[in-house]
2 protein chains.
Amino acid sequence: MTVLEYGHNMIIVDCGVMFPESDMYGIDLVLPQFDYVVQNQANLRGIVITHGHLDHIGGLPYLLRQVKTTLYGTSLTIGMVKRQLEEAQLLHQAKFQVVQNTDSFQLGPFKINLFPVAHSIPGAVGLVIDTPVGAVVHTGDYKLDETPSGGQTTDLARLQKLTPNGVLALLADSTNADKPGRTPTEQIVSDELDRLFAEAKQGRIIIATFASLLARLQEIITLAKKHGRKVALTGRSLEENVMLARDLGYLKIPDGLLVDINTKVPDKKLLILATGSQGEPRSALNRMAQGEHREIQIKRGDTIIISGGTIPGNEEEVGRMLNKLFVCGANVIYGHLANVHVSGHCSRDEMQVMLQTVKPTYFIPVHGEARHLHLHARMAEQNGVDAKKVFILDNGDVWATDGTKAWLDAPVPAANVMVDGHLVGQVGDLIMQDRQRLSQDGFIVALIRVNANNKLVGEPEIISRGFVPLDGADDLLQSACKEITRYVRLGRGIANENIRDLLQNFFYRATRSSPVVLPSIIKV
Amino acid sequence: MTVLEYGHNMIIVDCGVMFPESDMYGIDLVLPQFDYVVQNQANLRGIVITHGHLDHIGGLPYLLRQVKTTLYGTSLTIGMVKRQLEEAQLLHQAKFQVVQNTDSFQLGPFKINLFPVAHSIPGAVGLVIDTPVGAVVHTGDYKLDETPSGGQTTDLARLQKLTPNGVLALLADSTNADKPGRTPTEQIVSDELDRLFAEAKQGRIIIATFASLLARLQEIITLAKKHGRKVALTGRSLEENVMLARDLGYLKIPDGLLVDINTKVPDKKLLILATGSQGEPRSALNRMAQGEHREIQIKRGDTIIISGGTIPGNEEEVGRMLNKLFVCGANVIYGHLANVHVSGHCSRDEMQVMLQTVKPTYFIPVHGEARHLHLHARMAEQNGVDAKKVFILDNGDVWATDGTKAWLDAPVPAANVMVDGHLVGQVGDLIMQDRQRLSQDGFIVALIRVNANNKLVGEPEIISRGFVPLDGADDLLQSACKEITRYVRLGRGIANENIRDLLQNFFYRATRSSPVVLPSIIKV
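Residues numbered from 1 in each chain as written. Chains lettered and ligands numbered in written order. Predicted model: local features only at pLDDT ≥ 70, side-chain atom pairs only at ≥ 80, totals over all residues. Heavy atoms only, no water.

A. Looking closely at the nonpolar core. Counting 59 residues, the largest nonpolar core has Leu60(B), Leu71(B), Phe197(B), Leu271(B), Leu273(B) and Ile305(B) as its most contacted members. Considering every element that reaches this core, the biggest residue donor is helix H7 (residues 214-226) of chain B, with six residues. Two domains each donate at least three residues to this core, and these are domain 1 (2-182 + 343-424) and domain 2 (186-333) of chain B. Not counting chain neighbours up to four residues away, the residues in contact with Leu60(B) comprise Cys15(B), Ile47(B), Ile49(B), Leu71(B), Val81(B) and Leu85(B). Core analysis: the second largest hydrophobic core is formed by 58 residues, Met10(A), Ile49(A), Ile78(A) and Met80(A) among them. (Core = buried A, V, L, I, M, F, W, Y, C linked by side-chain atoms within 4.5 Å. Buried < 20%, exposed > 50% of the residue type's maximum accessible area, 1.4 Å probe, protein only. Helix = DSSP H or I, 4+ residues; strand = E, 2+ residues; numbered from the N terminus. Domains from an automatic or database assignment. Contact = heavy atoms within 4.5 Å.)

This is how it looks when you write it as structure tokens:
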């Protein structure tokens, strides 16, 4: 999410979510903090969305609980946003303005000029934002693919035409700043799939890809037609996206090509498109791998193609799923075995072209983690941007400019807001620490009954999960109870902390593990 | 671990550990199950170790608690095994036989013939095992690097000379069976490091690599000398391995090159070798990234080179560490930014050379996960091995042969044995499920005091961790207590299960989370 302000006018570009890292235990997704926007919503002139991926639109259902505004985007983008807001019953909070990918429109003092970009979803745009102090370019997500699926290339000529007086600041996609060269064209994926389809003569073809990779879906559908195969879909997000993109004219599907997953089609005439390229536990392909898919059992002769990169952090899940698919007898094509996936983001050589095309006075790398921003920043310096005019911003940093100078103003609050079920923002670092420790060693609750004179009543009792197997741990837990009894009888008091320390030391000595220990003194 | 038996004679090849996957909560490492070997130890003629990496020797301290035997390996391998056993105070359990990499020796009816292989650690060997029914080749870990560090190539000529009557069965390294082509030579890493050293003129160079990648360490030491830099070591495993390999003559370190980490050396004259290429929390480089390293603070001008591949599952930790190093101002070279790492394992084209060199009657792919074994198996079939003579074995499977036919006998017990601190094998799936759930949603213990007539005494009390923040959850937890009170007063009984269900439903409705719920009925 990027916020631009001039006087009492504010616009927002994109409003995405991040997916949790593996040390964010139990977290569903991570939002930007909206406080500043909510407090200043009277100034908000609208939200411009560059494209329909969740890391650009997923935060809207949370922001629009608190803010009413107008959303601007191309028809597919707006279609995807509307579906999200509908699910959250928030359609009434927003107005929608569908724009063309070369439109210009005014939001307060900001003139927004769109230019088409090539990305892995149709209808993606970059922005030239004319402000009273100069032009700001926001690339959105892009690559410089000259033969992309669907034919929409990144229109650098239009970008240049839109900036006759130069560019004050460039905000550019840094996702692949550690990838040398150029991102290969989507056309090589299409060629490779064509070859693999030709080889898979007798069996079914099953392709797993991202439901949001609509450009890839178009290629696959076109090739299915060419090779005389019907296409069946499995996985809710995939079915929804295909229907939406078809209805809006972004996906061309020949009549009669799509069939219901239950339709009887000979194996060699069937292609199944499935969710699950990341090995997600409940995705269609993972259910097939586990023999739990209602309609499809994997068998010898099936060709399975994983046509999507593995998002860092998902390697193990994907690996386990692939293992199971091989054990089921399938021929699985993944990773480096064939060119069945390319990134939707530009690599270093393309970033250099963008820098040299835009020649910005100021440069602010966006999209990517700190390492990507730093690498992109260094590249800008090597391409003629004054090192003092390169700004690497943290969430909440406020970059200010009068068109001549630029500086950092006091930052606004912008923590990562963790969403855990219905809990938005309540779950923080302390809970994460507890969950981390529980995940490693489980817990022990020791119930200690005492009378009015602080004398033990009966034996202490221990409740535990996740620490040691309870059916073999009688000795260990009984010894722990005896430790408590001895300690209390020695008259050393029954303070919670003392007994907690006693037990923590006892269990660490016995097992080298450190469960969460919670004594509970019960007066009876 | 591979076990070979003939009559009442048994030998073992390697005895390694696996490192836990991310869903093995709190597990330190994973052992093979030793029951069969322990029960038949009277037959054990010795253990042959191919090389000193932990996935080939790490299980020995656990096996040798229960079994006495003789260990055979090259001097570096035996040196590394001895250090492990010394730490575990188990040196007395084994005899050690240091062998040369072209030696032959007899263990019962098995004649073991070694041949040198190129791998990322010196002293690595493959085995030709002459048995009464034919020759078995076990490659160990290898690649066909013709210009490896240290000069030890894989000696295919010797392998052929050792098998004049053909090979009954080939057991071959499958680790990289999904990597096309050949694994690049170690020489390109050396050339690239040479270039990077020349570029880093003023600042310090800090290189993180695996402590066990001794071949790489030799190159770095040689280049440090060439570029006039002293070498300081940080990280215990690295210091130990370097000293051991130097003492055994496997590492050549020029006099005066090594300096203590506290020695004052000008930045441009210093190279620091550190552990931490996987972003391990307590490793030297990660402590630097977090500003917690006692001797080294990262600063602008430092060049940091990550000269080790990322093991699947570690991507996020590595990424977070890299982010922090960039924020500290360092120039970090990692991943695809330069050719600073190559694998120690062969890729598909090399596997094909091995298959065509050995021309085995039977083929058994080893080392790697199911997907790698299946891909390697298919390659064997494409290279002339009868599909019926390719066996993909699970842990515990018993492949039997009389030299003419081959079949599977009844399997032996061979579960993965999880080690958690002092607990070896006690922690199983149930504990994993509990830890998984605790990691997601924490737990609730509800203390419910009742009198002899099952009437409530006082209010129920709730103990919780990892679920919701306790300082803001008074309402939620009080409401839960009221639910319990209402339920018990309705006379619906106080069975644990009923109250557990009641609370689980209550909390799910309120938060969409499912903490572990444990009611405890306390008679007072």
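B. Expanded view of the domain arrangement of chain A. All names here are of chain A. Split by domain assignment, chain A resolves into domain 1 (2-182 + 343-424), domain 2 (186-333) and domain 3 (429-523). Of note, the centres of domain 1 and domain 2, computed from C-alpha atoms alone, are 31 Å apart. If you look at the interface, domain 1 gives 18 residues, while domain 2 gives 15 residues. Interface area, domain 1 with domain 2, both sides summed: about 1,400 Å², of which 57% is carbon and sulfur. When the area that domain 1 buries against domain 2 is broken down by residue, the three leading residues are Leu76, Arg83 and Ser149, summing to 36%. At the junction of domain 1 and domain 2, the tally comes to two salt bridges. Arg236 serves as the salt-bridge partner of Glu87, at 2.8 Å between the closest nitrogen and oxygen. Inspection of the domain 1/domain 2 interface yields nine residue pairs in polar contact (both at pLDDT 80 or more). Here the side of domain 1 that touches domain 2 is built from residues that sort into five nonpolar, nine polar and four charged. (Buried area = accessible area lost by both parts, 1.4 Å probe. Salt bridge = Lys/Arg side-chain N within 4 Å of Asp/Glu carboxyl O. Polar contact = N/O pair within 3.5 Å; in protein donor to acceptor, adjacent residues only side chain to side chain. Nonpolar A, V, L, I, M, F, W, Y, C, P; charged D, E, K, R; others polar.)

C. View of the pairing of strand S8 (residues 110-116) of chain A. Residues and elements named next belong to chain A. Taking burial as the measure, the seven residues of S8 include six buried ones, the bulk of the element. The antiparallel pairing of strand S7 (residues 104-107) with S8 creates a hairpin that spans two residues between the two strands, and Gly108 there sits at a positive phi of about 60 degrees. Sheet topology places S8 next to strand S9 (residues 125-131); six bridges connect them, and they run antiparallel. For Asn113, the partnering residue across the bridge sits in S9 and is Val128. (Pairing = 2+ DSSP bridges.)

D. Geometry of the environment of Ala215(A). All names here are of chain A. Following the sequence through the fold, Ala215 ends up in helix H7 (residues 214-226). Taking the C-alpha atoms as reference points, Ala215 and Tyr250, 35 residues apart in sequence, are found 9.1 Å from one another. If near-sequence neighbours (up to four positions away) are discounted, Ala215 is found in contact with His119, Ser120, Pro122 and Ser149.

E. Quick peek at the pattern of salt bridges. Throughout the structure, instances matching the rule amount to 42 salt bridges over all chains. Across the pair Glu483(A) and Arg486(A) runs a salt bridge whose closest N-O atoms are separated by 2.4 Å. Residue Glu483(A) and its partner Arg486(A) are both found in helix H14 (residues 474-489); the two are separated by three residues, about one turn of the helix. Take Glu483(A): its relative accessible area is 17%, and that puts it in the buried class. Ionic pairing is found between Arg83(B) and Glu240(B), a salt bridge with its closest N-O pair at 3.7 Å. Here Arg83(B), found in helix H4 (residues 75-87), pairs with Glu240(B), found in helix H8 (residues 236-247); they are 157 residues apart in sequence, far enough to count as distant. Connected via shared salt-bridge partners are Arg83(A), Glu87(A), Arg236(A) and Glu240(A).

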